[in-house]
Amino acid sequence: MREPIPKMLDVLLSEQVKPEKKKDILQNEFDIAMTKTMEREAMEMCNLSQGIVDRTIINVIINIQKNTGWPEERCMDTMGIPEEHRKLYHMMLQDKQAVSQI
C-alpha cells in the first residue's frame, strides 16, 4: 500500500481528478475536514499543478520554434494542443517573449 502523504499529493496534483472528486477523497480517505480554508488551499494546489503543466508546454513550444523555425501554430499542431487552449498559450508566449526582452 502507498504511503499516505505521496498518495495525497498524487490526488491534489492530478490533472485527471476533478476538484469535487479531490474534495471527496480528502474527506473520505484522509479524514480531512474540508473547511473553506482547506477548500481554498486544495484549489491552490490544483492551480499550481496546472501552472506547471502550462509553463512546460510553453517551454516546449519555444524549443520547437528555436530548433525548427516553425511558427507557433505549427508547433501547437504538432503537439496536438486543442483549439480551446491555444489562445491561452499564445498569450503566455507573448508574455514570456516580452519579459525576455527586458
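Read on for an overview of the structure.

Calculation criteria
- Residues numbered from 1 in each chain as written.
- Predicted model: local features only at pLDDT ≥ 70, side-chain atom pairs only at ≥ 80, totals over all residues.
- Heavy atoms only, no water.
- Helix = DSSP H or I, 4+ residues; strand = E, 2+ residues; numbered from the N terminus.
- Buried < 20%, exposed > 50% of the residue type's maximum accessible area, 1.4 Å probe, protein only.
- Lys, Arg positive; Asp, Glu negative; His and termini not counted.
- Salt bridge = Lys/Arg side-chain N within 4 Å of Asp/Glu carboxyl O.
- Polar contact = N/O pair within 3.5 Å; in protein donor to acceptor, adjacent residues only side chain to side chain.
- Contact = heavy atoms within 4.5 Å.
- 1 Å grid on protein atoms, 1.4 Å probe; cavity = no way out; pocket = protein on both sides within 12 Å on 5 of 7 lines; lining within 4 Å.
- Points joined across faces, edges and corners; volume = space filled by probe spheres on them.
- Patch = residues over 30% accessible without salt bridge, like charges linked within 9 Å, V, L, I, M, F, W, Y side chains within 5 Å.
- Areas by Shrake-Rupley, 256 points an atom, 1.4 Å probe, with all protein chains shown as cover.

Notes on the side chain of Glu-72
Next up, step 1: You can see Glu-72 is positioned in helix H4 (residues 72-79).
Next up, step 2: Notably, Glu-72 is buried but unbridged: the nearest opposite-charge side chain belongs to Arg-86, and the N-O separation is 8.2 Å.
Next up, step 3: Among the polar contacts made by the side chain of Glu-72, one reaches the side chain of His-90 at a distance of 2.6 Å.
Next up, step 4: In this structure, Glu-72 is in contact with Gln-65, His-90 and Leu-93, ignoring residues within four places of it in sequence.

Focus on the layout of surface pockets
Next up, step 1: Looking at the largest pocket, its volume works out to about 190 Å³.
Next up, step 2: Counting only elements with at least two residues in the lining of the largest pocket, the list comes to helix H2 (19-30) and helix H3 (36-68).
Next up, step 3: Counting residues per element, the lining of the largest pocket draws most heavily on H3, which supplies five residues.

Let's talk about a nonpolar patch on the surface
Next up, step 1: Nonpolar side chains collect at one region of the surface, where Ile-5, Leu-9 and Leu-13 lie side by side and expose about 250 Å² of accessible area between them.
Next up, step 2: Assignment of secondary structure puts Leu-13 in helix H1 (residues 4-13).
Next up, step 3: Judged by its relative accessible area of 36%, Leu-13 is partly exposed.

Focus on the pattern of salt bridges
Next up, step 1: Going through the model one piece at a time under the given rule, you end up with five salt bridges.
Next up, step 2: Between Glu-29 and Lys-7 there is a salt bridge, with the nearest N and O atoms lying 2.7 Å from each other. Residue Glu-29 is found in helix H2, and its partner Lys-7 is found in helix H1; the two are separated by 22 residues along the sequence.
Next up, step 3: If you follow the salt bridges from partner to partner, you end up with Glu-73, Asp-77, Glu-83 and Arg-86 in one network.

Interpretation in functional terms is not warranted from these geometric data alone.
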